[in-house]
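Inside the fold
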Amino acid sequence: MTKTLRTAALAAIMISGVSGVALADCPAQPKPPAIPADGAKLTSKEIDAVVKDYDAYQKDFQKFNECVVKEYKAADDAMNAVIDAYQSKNKKK
């Protein structure tokens, strides 16, 4: 099975929720904070608030990302095991 086909199959499994790992186990993907287009127009209080919001977003996104990467790795490992078993079965014939 080609890597592209394996990636597509893995994506389909993850999207369909058939894998043993559910995205529901991860926190919701955080929404990016409102980032002003022109920082030069901000007051000291406004930039402090933007930085605070961004720092919170960064922290939340890091948790989300770590979880999703872990789940992807688990799904990828499971998919590779299925492919290996399938290929081994066909080699025996």
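Shown above is the structure to which this text applies.
These remarks concern the structure in this document. What you see is a predicted model, and the numbers here were worked out from it, not measured in a lab.

The next thing to look at is the overall build of the protein. Scanning the protein from N- to C-terminus turns up two helices and zero strands. Counting the 93 residues in the protein, one finds 15% classified as buried. Considering only residue pairs separated by 6 or more positions, the protein has 84% of its internal contacts joining residues 24 or more positions apart. As displayed, the protein has an accessible area near 7300 Å², and 60% of this comes from carbon and sulfur atoms.

Bringing the packing of aromatic side chains into the picture now. Counting across every chain of the model gives three aromatic pairs. Pairing Y54 with Y57 gives two aromatic rings, centres 6.0 Å apart and planes at 45°, and the pair type is tilted. Placement of the pair is Y54 and Y57 together in helix α2 (residues 44–91), with a separation of three residues, close to one helical turn. A residue is classified by how much of its surface remains accessible, and Y57, at 18% relative accessible area, is buried. Judged by centre distance (5.7 Å) and plane angle (55°), the rings of F61 and F64 are tilted. With F61 and F64 both in helix α2, this residue pair falls three residues apart, about one helical turn. Taking the relative accessible area as the measure of exposure, F64 reaches 14% and is therefore buried. A connected cluster of aromatic rings, assembled from ring pairs, spans Y54, Y57, F61 and F64.

What follows covers α2. For α2, which comprises 48 residues, the first-to-last C-alpha distance of 68 Å matches the rise-based estimate of 70 Å (1.5 Å per residue) to within 8%. Looking only at α2, the buried set comprises V50, Y57, F64, C67, E71, A75, D76, M79 and I83.

The rules behind each value
- Residues numbered from 1 in each chain as written.
- Predicted model: local features only at pLDDT ≥ 70, side-chain atom pairs only at ≥ 80, totals over all residues.
- Heavy atoms only, no water.
- Helix = DSSP H or I, 4+ residues; strand = E, 2+ residues; numbered from the N terminus.
- Buried < 20%, exposed > 50% of the residue type's maximum accessible area, 1.4 Å probe, protein only.
- Contact = heavy atoms within 4.5 Å.
- Areas by Shrake-Rupley, 256 points an atom, 1.4 Å probe, with all protein chains shown as cover.
- Phe/Tyr/Trp six-rings, centres within 6.5 Å; stacked < 30°, edge-to-face > 60°.
- Expected span 1.5 Å × (residues − 1).

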